[in-house]
Amino acid sequence: ASRSGRRPYVQLGTLGERTWPPPSKSGYAVALWLRVQRTPAPGTAPLYLFSLCSKTHVHRLELLLLPSGRVRIRVAPTSKRSGQLTFDGFRVDRSRWYHLCVAHGTDERGGGLCRLYVDGILRSAGPLAYPFSRICSLSAAFGVSVAPHDDVTLRPTSSSVSSSASSASS
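Residues numbered from 1 in each chain as written. Predicted model: local features only at pLDDT ≥ 70, side-chain atom pairs only at ≥ 80, totals over all residues. Heavy atoms only, no water.

1. Brief notes about the state of the cysteines
By the definition in use, this model includes zero disulfides. With no disulfide of its own, C101 has C114 as its nearest cysteine by sulfur position, at a separation of 9.6 Å. (Disulfide = S-S within 2.5 Å.)

What follows is the structure, encoded as structure tokens:
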């Protein structure tokens, strides 16, 4: 564990060579416990909850906490210009513990689908292109990014979703 400025983080280091992401029929999930003292100030950089990146920086996954208290997922590479989704169905409150799980796979039509579960309850879901798979060497961290930030594939967009659990498919 280390400190970057005032934000603590945990660098997991290299996870070795593996196929990332898993085939779309299998999908993947990232789960973590989260408690924040304060969300990032408006106009500041988001807080990196989790970051996974290939050695070549082509394949990546980032979970972010935005200044609004919303959670965003960013993935690359995808067939779309920007592979990101903001979950509008949930906001983090300060000084409260949450168990977050983001599950990404495909729906029954083969399109990418990403879901956010909070304390075991589906809170938001929306379309997100599933990244291309390949064997690569991966690194991961909690609380800090392991990827460079000059890549155009992760450009911000207005893509967000406000669906609730009742409107999401299982």
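Let's pick the thread back up.
2. Digging into the nonpolar core
The biggest cluster of nonpolar side chains holds 31 residues, and the ones touching the most others in it are L61, I73 and L100. Listed by contribution, the elements that provide at least two residues to this core are β3 (28-34), β4 (47-54), β5 (60-65), β6 (71-76), β7 (84-87), β8 (98-106), β9 (112-118) and β11 (134-142). In this structure, L61 is in contact with W20, Y28, V30, F50, S51, L52, I73, R74 and V75, ignoring residues within four places of it in sequence. Core analysis: the second largest hydrophobic core is formed by six residues, Y9, A141, V144 and A147 among them. (Core = buried A, V, L, I, M, F, W, Y, C linked by side-chain atoms within 4.5 Å. Buried < 20%, exposed > 50% of the residue type's maximum accessible area, 1.4 Å probe, protein only. Helix = DSSP H or I, 4+ residues; strand = E, 2+ residues; numbered from the N terminus. Contact = heavy atoms within 4.5 Å.)

3. Concerning the sheet that holds strand β10 (residues 121-127)
The four strands lie next to each other as β3-β8-β9-β10, forming an open sheet whose pairing is antiparallel. Single-partner strands in this sheet number two, and they are β3 and β10. Strand after strand, the sheet turns through a mean of 15 degrees between neighbouring axes, direction not considered. Alignment of β3 against β8, held across seven bridges, turns out to be antiparallel. The residue of β8 that forms the bridge with W33 is H99. (Pairing = 2+ DSSP bridges. Axes fitted to C-alpha atoms, helices over the stretch in contact; angles between N-to-C directions.)

4. Digging into unusual backbone geometry
The residue after W20, namely P21, is reached through a cis peptide bond having omega -15 degrees. That bond from A76 to P77 is cis: its omega, -10 degrees, falls within 30 degrees of zero. Along the chain, P77 falls in the loop between β6 and β7. The backbone of S95 shows a phi angle near 60 degrees, a positive value even though the residue is not glycine. Tracing the sequence through the fold places S95 in the loop between β7 and β8.

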